[in-house]
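# Overview (structure and organization)
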Amino acid sequence: MSMDMTQYLDVFLEESKEHLSNLNQQLLTLEKNPGNQAALNEIFRAIHTLKGMSSTMGYEDLADLTHHMEDVLSDLKEDILQADSQVVDLLFQCLDRVQMTIEQIERTGTAGFNNQDLIKALGNVKADIFTTQDQGEVIAGADTIQIASQSLHTISQSFSFDLNEYDLTVLQEAASRGYQIIYLRIAVDPASLMKSVRAFMVFKVLEEDCEVLKSNPPVPDLEDGKFDDTFDIIIVTKQPANIIIDRLEHISEIRVDTYETVDISQLAVQQSTNTASQTTQETKEPSDIKGNQKIKQTVRVDIDRLDSLMNLVGELVMHKGRLEEIGSSRRIVELNETIEQIDRISSDLQSVVMKVRMVPIEQVFNRFPRMVRDLAKELNKEIDFQIEGKETELDRTVIDEIGDPLIHLLRNAVDHGIESPAVRAQMGKPRIGTIVLRARHEGNNVLIEVEDDGSGIDFERVKQKAVDKGLVSSKEAEEMPNEKALELLFSPGFSTSDNVTDISGRGVGLDVAKNKIEALNGEIHVDSKLGQGTKFKIKLPLTLAIIQALMVSVRDEIYAIPLSSVDETTMLSPEDIKLIQGQEVMVLRGTVLPLYRLDSLLEVPGEKQSDEMYVVVVSKGDKQIGLVVDGLIGQQEIVIKSLGKFLAGIPGIAGAIVAGDGNVRLILDIATLF
Amino acid sequence: MQDIRNLPAEDSYHEDQELQVVAFRLGNEEYAVDILYVQEIIRLLNITRVPRSGPHIEGVINLRGNIIPIVNLHSKFNLQAAEDEEDKRIIVFKWDEMQVGVIVDEVSEVIRIKRQDIEAASKVYGALEADHIKGIAKIENRLLILLNLAKIFEAGW
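Because the structure is a prediction, the values reported are computed rather than measured.

## Some remarks on the pairing of strand β2 (residues 29-34) of chain B
Residue and element names in this part refer to chain B. Across six bridges, the pairing between strand β1 (residues 18-26) and β2 is antiparallel. Bridging from a neighbouring strand, Leu26 pairs with Glu29 of β2. Counting the residues that bridge the hairpin from β1 to β2 gives two residues, and of these Gly27 lies at a positive phi of roughly 60°. The sheet contact formed by β2 and strand β11 (residues 142-147) spans two bridges and is parallel. Within β11, the position partnered with Ala32 by the bridge is Leu146.

Dropping the structure here:
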């Protein structure tokens, strides 16, 4: 790859991934509904763009593969070929290879896959049609001749130029002076690395004694290489067509595909029909395919820049705090008015920056339909996979983390949840199982549900399994209520599937998913009815970057406790503290609450100055614990910062914040504090 | 990996036979670090203690909105810190996308050291300590201990 291309590598990778995700989606649509022209067009367009991009970037193997895919797709478009499962499977395989190649490029900067197997398979698919077509041709020989002559006749319609009044006058003028008007379709060798240069050379050659009136695509696009393997031009010249064509074909990698000399008297008529058909086409297209894309104008921004923007806004808010302190001590009216303004602007700014970081959960959801389809195929199950609320927005930080747990849940649903069609039919259920993935906002949280109408969870089997694995005793299991049994599913090393498959059943999964979700300050619950289905509910905070926190003091140190884990706070006097086997406890409204002193947990230096004590009641899992602190400072919205690689993984510390006075305060992680 | 990270420094040895270092004082000893690793030198800021971190972690500071860990080389190397706070500085090192601050008693200067003036550490130290020391530089009657930051940070705290 040439040096100047490297700067486009990021864009190339990013866009290819987008196209791939889109392709997977559209191909799924096509698989469900083989006649769906919109999906087919979209696939064709995306593959075509991929081809162009990879050839520009010099990834020839990728360009080659996509080129052959395009061939098959164009047969599909022209209805020569049916989008049956064989073809769709092959296309999926090709997409996988494209994805592998792109991932390889991302890692190593070079592609280098041998795609001959797939190219051959694509060729076979095409060859199949030709053999069947040949037979057809023998029978309908007369017809084909007619078709051939017709296609000759309509060549000019394949040259669809958008001629305006001015162009027409110029053409008429040229014709009246004895110039010839020639339509040319120039083909550039698909393997050409410098399509734009070839196009330029065509113009250079024509410059001598012709005038290029119009080109399709327009000249700037040609200069940028933004065209397929062919482009159309109209020239006016006094030279005979064959001389010009001869000259053009001397340019390497250039071929004149078709040409046509135009009779100007016909032009007006033809033009009017042409524009008529074209306008209908044009009005159709935007509403059809491009409509959704055009409404939103977007800019691609490096996430690091957003993070630093967020940092700067954090700084601004911090200094605003200082200003407020100064303002309140000086009591200058003008200053305070200005500070109020700044306060308003900075909080607006903060919310805008937060919104910028929000992305639709679609980004994660989009890869699931393909995954579910593949799994279902592999396991011979029929599954209707539905996604609801994919436009629900979440902070990037959460989006990046939520994919893996959802994969686990979906795999579980396909593998353990949905029964095989035969079993379903026996049970009087529809053969096709349904899995619904749902997302929606609820207050400051996002709810994600994975629901299937499969076999549900057999509580007795879960209990039995737990006993077998030694997680609970058989007596415990017997007395265990069903809800408790469901929680067993999340314990490490638990899996109820009798046969271990590739997909799931290795006993890693639910506990991993649960850990991940809890690390995101989220919760996961499961609900199930035997024989009717299972529903997993995940509750996640909208963002991990800004949270509400309770600031507490211990000696001279100040810590932040995420408000999501605080249940309540209360005063504590020394006589309230009781001892049970050396463990300090207090009685809070009739329940015994174990107490932990934050100063000893964190080995805070210094002597306690006052007798004042407060208890922050926090919940860890389903247990409540009282955290003893010296003082409560108040509730605050804080911007979480990471402690960095160097200090990562300290138990009990979730991160840091920069306080209003510029000092760093640490955020406590209740889950790992004890 | 280690060798690759050291390459720029090694190159500067070969190319101009010289190494540019930031020299600083820890207790009564003089140390030096390749200037390529030094991001900036700042005055002492409020350091927030980080409980449950390693014994040589002093805490964290806020450097223009970034949280930067501060390590205590005095305790790591078993040196007595100077009483005088006036000359103390924090040198912020940047290494492998990681920023780490070190409190030093005084930053003396930026000097060029000739390669032939650097003696291998193994001659002076035992094998264990020699790991995080690149060598000893003799400049007139001073001895500068050249630190191998990569090794020190890799070792953890």
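## Here we look at the sheet that holds β2(B)
In a beta sheet, neighbouring strands are held together by backbone hydrogen bonds and run either parallel or antiparallel to one another. Residue and element names in this part refer to chain B. Sheet architecture is open: six strands sit in the order β8-β1-β2-β11-β10-β9, paired in mixed fashion. The sheet is open, and its two edges are formed by β8 (106-114) and β9 (118-120), each paired on a single side. Sheet twist, expressed as the average angle between the axes of neighbouring strands with direction ignored, equals 35°. The sheet contact formed by strand β10 (residues 133-139) and β11 spans six bridges and is antiparallel. Of the residues in β11, the one forming a bridge with Ala137 is Leu144.

## Considering the sheet that holds strand β5 (residues 66-71) of chain B
Residues and elements named next belong to chain B. Pairing is mixed in the open sheet, where five strands are placed in the order β3-β6-β7-β5-β4. The open sheet has two edge strands, β3 (38-43) and β4 (57-63), and neither has a second partner. Averaged over all neighbouring strand pairs, the angle between strand axes comes to 30°, with direction disregarded. Bridge count for β5 against strand β7 (residues 98-104) is two bridges, and the pairing is parallel. Its bridge partner being in β7, Val71 is matched across the sheet by Val102.

## Considerations on the confidence of the model for chain B
Residue and element names in this part refer to chain B. Summary statistics for chain B give a mean pLDDT of 81 and a share of 82% for residues scoring 70 or more. Taken as a whole, residues 1-13 scores under 50 in pLDDT and shows 12 contacts with residues more than four places along the chain or in a different chain. Per the prediction output, this complex has pTM 0.50; the corresponding ipTM is 0.83.

## Topic: the pairing of strand β12 (residues 546-554) of chain A
Residue and element names in this part refer to chain A. Alignment of β12 against strand β20 (residues 631-639), held across eight bridges, turns out to be antiparallel. When the bridges of β20 are listed, Ala549 appears paired with Gln636. In the sheet, β12 pairs with strand β13 (residues 557-562) via six bridges, with the strands oriented antiparallel. Across the sheet, Ala549 pairs through a bridge with Pro562, a residue of β13.

## Overview of the environment of Ile399(A)
Residues and elements named next belong to chain A. Tracing the backbone through its elements, the reader meets Ile399 in helix α17 (residues 396-417). A residue is classified by how many C-beta atoms lie within 10 Å of it, and Ile399, with 19 of them, is partly exposed. Ile399 sits 40 residues away from Val359 along the chain, and the two C-alpha atoms are 7.7 Å apart. Dropping the residues within four chain positions of it, Ile399 is found in contact with Val359, Ile361, Gln363, Val364 and Leu394.

## So, the nonpolar core
The nonpolar side chains of a soluble globular protein tend to be buried, and buried together. Ile561(A), Leu668(A), Ala32(B), Val33(B), Val60(B), Ile91(B) and Phe93(B) are the most contacted members of the largest nonpolar core, which has 70 residues in total. Apart from residues no more than four positions distant in its own chain, Val33(B) is found in contact with Val21(B), Val22(B), Val38(B), Phe93(B), Leu147(B) and Leu149(B). If you look at the next biggest cluster of nonpolar residues, it comprises 39 residues, including Ile402(A), Ile435(A), Val450(A) and Ala485(A).

About the cut-offs
- Residues numbered from 1 in each chain as written.
- Chains lettered and ligands numbered in written order.
- Predicted model: local features only at pLDDT ≥ 70, side-chain atom pairs only at ≥ 80, totals over all residues.
- Pairing = 2+ DSSP bridges.
- Helix = DSSP H or I, 4+ residues; strand = E, 2+ residues; numbered from the N terminus.
- Axes fitted to C-alpha atoms, helices over the stretch in contact; angles between N-to-C directions.
- pLDDT = per-residue confidence, 0-100.
- Contact = placed C-beta atoms within 7 Å.
- Buried ≥ 20, exposed ≤ 12 C-beta atoms within 10 Å, placed from the backbone.
- Core = buried A, V, L, I, M, F, W, Y, C linked by C-beta atoms within 7 Å.

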